[in-house]
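Working through the structure, step by step
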Amino acid sequence: DFAEARKCYLRALEIWEADVKANEEQVGRVCHNLGTLLTHGLENQAEAEIVLNRSLEIRTKLLGASHEDTVRTETALAEVYIAQQKFELALPLAKTVLLHMLHTHGAQHSESIKWLSHVSTQLCAFGEFKKACYYSQCALLLSEAVPEVWGDSRHKGTLLHNAAALEMTQNMFASALEKYECALPLMEQDLGKDSQTI
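Notes on the structure in this doc start here. (Residues numbered from 1 in each chain as written. Predicted model: local features only at pLDDT ≥ 70, side-chain atom pairs only at ≥ 80, totals over all residues. Heavy atoms only, no water.)

Within the fold, Phe 126 resides in the loop between helix H6 (110-125) and helix H7 (129-145). With 38 residues separating them in the primary sequence, Phe 126 and Glu 88 have C-alpha atoms 8.3 Å apart. Once you skip the residues sitting within four places of it in the chain, Phe 126 turns out to touch Phe 87, Glu 88 and Leu 91. (Helix = DSSP H or I, 4+ residues; strand = E, 2+ residues; numbered from the N terminus. Contact = heavy atoms within 4.5 Å.)

Moving on to the environment of Leu 166. Secondary-structure assignment places Leu 166 in helix H8 (residues 153-169). In this structure Leu 166 comes out as buried when scored by relative accessible area, which is 4%. Sequence-wise, Leu 166 and Thr 121 are 45 residues apart; in three dimensions their C-alpha atoms are separated by 9.2 Å. Discounting chain neighbours no more than four positions away, the residues touching Leu 166 are Ser 120, Cys 124, Phe 129, Ala 132, Cys 133 and Ser 136. (Buried < 20%, exposed > 50% of the residue type's maximum accessible area, 1.4 Å probe, protein only.)

Roughly 280 Å³ of volume is contained in the second largest pocket. Lining the second largest pocket are 13 residues; nearest its centre among them are Glu 68, Val 71, Met 101, Thr 104 and His 105. Listing elements by their share of the lining of the second largest pocket, those giving two or more residues are helix H4 (68-83), helix H5 (87-105) and H6. Broken down by class, the residue content of the lining of the second largest pocket amounts to 2 nonpolar, 6 polar and 5 charged. (1 Å grid on protein atoms, 1.4 Å probe; cavity = no way out; pocket = protein on both sides within 12 Å on 5 of 7 lines; lining within 4 Å. Points joined across faces, edges and corners; volume = space filled by probe spheres on them. Nonpolar A, V, L, I, M, F, W, Y, C, P; charged D, E, K, R; others polar.)

Counted by the stated rule, this structure contains 1 aromatic pair. Centroid distance Tyr 134 to Tyr 135: 5.8 Å. Interplanar angle 80 degrees. Geometry classified as edge-to-face. The class of Tyr 135 is partly exposed, set by a relative accessible area of 21%. (Phe/Tyr/Trp six-rings, centres within 6.5 Å; stacked < 30°, edge-to-face > 60°.)

Here the focus is the pattern of salt bridges. Applying the stated criterion across every chain yields a total of 12 salt bridges. Between Glu 68 and Arg 72 there is a salt bridge, with the nearest N and O atoms lying 3.1 Å from each other. Here Glu 68 and its partner Arg 72 are both found in helix H4, 4 residues apart, which amounts to about one turn of the helix. For Arg 72, a relative accessible area of 41% gives the class partly exposed. (Salt bridge = Lys/Arg side-chain N within 4 Å of Asp/Glu carboxyl O.)

Given below as structure tokens:
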């Protein structure tokens with residue numbers, strides 16, 4: 001259970017921190033795992049942010065910025081910032097994670113497409129609608145090019161909905177309406193016709 005897992009991670013952290021110089025890599029690992037655990041509850045996002053920042057600092061110093069463990073922590077921290085709507089912190093991290101995903105997996109991988117969409121959302125929060133539309137369109141086109149990778153109807157519906165919302169900001173009403181009409185059945189299929197999300 002969550003409370004027991006949190007307690008175990010905190011105890012492990014206490015043990016490794018007794019000699020933090022000798023155990024710095026383990027402290028970074030435990031902070032990452034604890035932060036990842038804490039991201040599963042909205043009420044724990046602030047605590048997750050603290051321990052993930054600590055993990056990122058340690059992993060960047062010991063392993064380097066491009067190491068897969070560092071990127072994993074960076075990804076978790078970016079998602080925490082996004083969940084907390086801390087756009088000024090989320091955008092640069094989301095862009096960095098997107099570059100790592102593109103480099104590691106290629107453009108047609110579901111993680112790359114997801115982070116294209118995340119960057120689009122962050123740009124929109126800053127009023128950078130044209131750039132946001134570009135990233136959103138890239139995510140949408142890639143998801144259509146490889147439907148077997150991005151086959152989940154909810155994610156496809158979300159991509160279409162987000163692209164339509166951005167097009168509305170650019171007065172591209174006909175194109176936005178077309179995307180909304182495509183998104184609606186996908187989201188209804190996944191969430192149900194009575195969902196408040198739709």
